[in-house]
Amino acid sequence: MTCDLDEFELKIISLLQIDATLSTAEIAERVGLSPSPCWRRIQRLRDAGIIRAQVVLIDRRKVGLHAQVFAQVKLTAHGRQHLDEFAARVQAIPEVMECYVLMGAVDFMLRIVTADIDAYERLFFSTLSQIPGVQEINSTVALSDIKATTALPIPFQSA
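Because the structure is a prediction, the values reported are computed rather than measured.

## Digging into the overall build of the protein chain
Line of reasoning, step 1. For the protein chain, the count of helices and strands is five helices and four strands.
Line of reasoning, step 2. Along the protein chain, helices (α) and strands (β) appear in the sequence α-α-α-β-α-β-β-α-β when read from the amino end.
Line of reasoning, step 3. Against the globule reference of 15 Å for 159 residues, the protein chain gives a C-alpha radius of gyration of 20 Å, more extended than a compact globule.
Line of reasoning, step 4. Expressed as lengths along the three principal axes of its C-alpha atoms, the size of the protein chain is roughly 55 × 35 × 25 Å.

Rendered as structure tokens:
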């Protein structure tokens, strides 16, 4: 379900996804509202689930997570009947940062972060390849990040 958002709300979410530490007063000033109506709009966006969370983004390399791997997972024909079980298993693996169901030759795409390639190899053999129904895993190691953002391209008209 999509929500009809007005210009103020689009500006608010655009600002918050870039810097969630902004105060309501700072946001209000930047979008052209007074603080109280701005705060109510932010609360409405939270209540509607448009703002799901406010988090801190960590530089993975600075905390010792140097390997980023994209794993394409193909399930057996029988394994496809247990997509929910696969999803539950993957959700329980902390190193799996993202998991997507795909259409096409493979069933899932996982973004996995580990300390190094040796740690990924251990995860691969001890956990990923042991999930029932997994037929094939093709892993691609990312060498560097060219673009990585969490900010959605929110369209709005400039006044």
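Text resumes after the structure shown.
## Regarding the sheet that holds strand S4 (residues 134-142)
Line of reasoning, step 1. With respect to topology, four strands assemble into an open sheet ordered S2-S3-S1-S4, the strand pairing being antiparallel. The open sheet has two edge strands with one neighbour each: strand S2 (96-101) and S4. Strand-to-strand twist across the sheet, computed as the mean angle between neighbouring axes with direction ignored, equals 20°.
Line of reasoning, step 2. Sheet topology places S2 next to strand S3 (residues 108-114); five bridges connect them, and they run antiparallel. Opposite Tyr100, over in S3, you have Met109 as the bridge partner.

## Quick notes on the packing of aromatic side chains
Line of reasoning, step 1. In the structure shown here, the tally under the stated rule is three aromatic pairs.
Line of reasoning, step 2. Pairing Phe124 with Phe125 gives two aromatic rings, centres 5.0 Å apart and planes at 85°, and the pair type is edge-to-face.
Line of reasoning, step 3. An aromatic cluster of at least three residues, connected via ring pairs, comprises Tyr120, Phe124 and Phe125.

## A short note on the pattern of salt bridges
Line of reasoning, step 1. Scanning all chains against the criterion turns up six salt bridges.
Line of reasoning, step 2. Between Glu9 and Arg44 there is a salt bridge whose closest N-O contact spans 3.4 Å. Remark: Arg44 occurs in helix H3 (residues 35-47) and Glu9 occurs in helix H1 (residues 7-18); sequence separation between them is 35 residues.
Line of reasoning, step 3. Among the residues examined, Arg44 registers a relative accessible area of 46% and is labelled partly exposed.
Line of reasoning, step 4. Residue Asp145 pairs with Arg60 through a salt bridge whose shortest N-O separation is 3.6 Å. In this pair, Asp145 sits in the segment after S4 while Arg60 sits in the loop between H3 and strand S1 (67-75), placing the two residues 85 residues apart along the sequence.
Line of reasoning, step 5. Each of Asp6, Glu9, Arg41 and Arg44 takes part in one network of salt bridges that share partners.

## Comments concerning H1
Line of reasoning, step 1. Under the 1.5 Å per step criterion, the end-to-end length of H1 is 17 Å for twelve residues, consistent within 8% with the ideal 16 Å.
Line of reasoning, step 2. Those residues of H1 that are buried lie in contact with helix H2 (24-31) and H3.
Line of reasoning, step 3. A distance of 3.0 Å separates the backbone nitrogen of Phe8 from a side-chain oxygen at the start of H1, and that oxygen is part of Asp6.

## Quick notes on the nonpolar core
Line of reasoning, step 1. Counting residues in hydrophobic clusters, the biggest one holds 18 residues, and the most contacted among them are Val73, Phe86, Leu110, Ile112, Tyr120, Leu128 and Ile137.
Line of reasoning, step 2. Elements that contribute at least two residues to this core include exactly S1, helix H4 (83-91), S3, helix H5 (117-126) and S4.
Line of reasoning, step 3. Ranked by residue count, the leading element in this core is S1, at four residues.
Line of reasoning, step 4. Phe86 has contacts with Val73, Leu75, Phe108, Ile131 and Val134, leaving out every residue within four places of it along the chain.
Line of reasoning, step 5. Within the second largest apolar cluster, 13 residues are counted, among which are Leu22, Val31, Cys38 and Ile51.

## Considerations on the side chain of Ser14
Line of reasoning, step 1. Looking at where Ser14 falls in the secondary structure, it is placed in helix H1.
Line of reasoning, step 2. Under the relative-accessibility criterion, Ser14 is labelled buried at 13%.
Line of reasoning, step 3. Reaching out from Ser14, the side chain makes a polar contact with the backbone oxygen of Leu10 at a distance of 2.9 Å.
Line of reasoning, step 4. Contacts of Ser14, omitting those with residues within four sequence positions, involve Ile154 and Phe156.

Analysis parameters
- The residue numbering used here restarts from 1 in each chain and proceeds along that chain's sequence as written.
- Local features in this predicted model are restricted to residues whose pLDDT is 70 or higher, and side-chain atom pairs enter the listing and the counts only when it is 80 or higher, whereas totals over whole chains, interfaces and linings include all residues.
- Hydrogens are left out, water is left out, and the side-chain values use all remaining heavy atoms of the structure.
- In this text, helices come from DSSP runs of H or I with a minimum length of four residues, and strands from runs of E with a minimum of two, each type numbered from the N-terminal end.
- Radius of gyration: C-alpha atoms only; globule rule: 2.2 Å multiplied by the number of residues to the exponent 0.38.
- Two strands pair if DSSP finds at least two bridges between them.
- Each axis is a line fitted through C-alpha atoms, and for a helix only the stretch in contact is used; angles between axes span 0 to 180 degrees, taken between their N-to-C directions.
- Pairing of aromatic rings covers Phe, Tyr and Trp, the last through its six-membered ring, and needs centres within 6.5 Å; plane angles under 30 degrees mean stacked, over 60 mean edge-to-face, and all others mean tilted.
- Within this document, salt bridges are pairs made up of a side-chain nitrogen of Lys or Arg and a carboxyl oxygen of Asp or Glu, the two lying within 4 Å of each other.
- Burial classification: accessible surface area is computed with a 1.4 Å probe over protein chains only, and a residue below 20% of its type maximum counts as buried, one above 50% as exposed, and the rest as partly exposed.
- Here, expected helix span is obtained from the residue count minus one, scaled by 1.5 Å.
- We call two residues contacting when some pair of their heavy atoms lies within 4.5 Å.
- Contacts described as polar in this section are N or O atom pairs within 3.5 Å, which, within protein, must combine one atom able to donate a hydrogen with one able to accept it, while residues neighboring in sequence count only if both atoms come from side chains.
- Among the buried residues, those of types Ala, Val, Leu, Ile, Met, Phe, Trp, Tyr and Cys that are joined through side-chain atoms within 4.5 Å form a nonpolar core.

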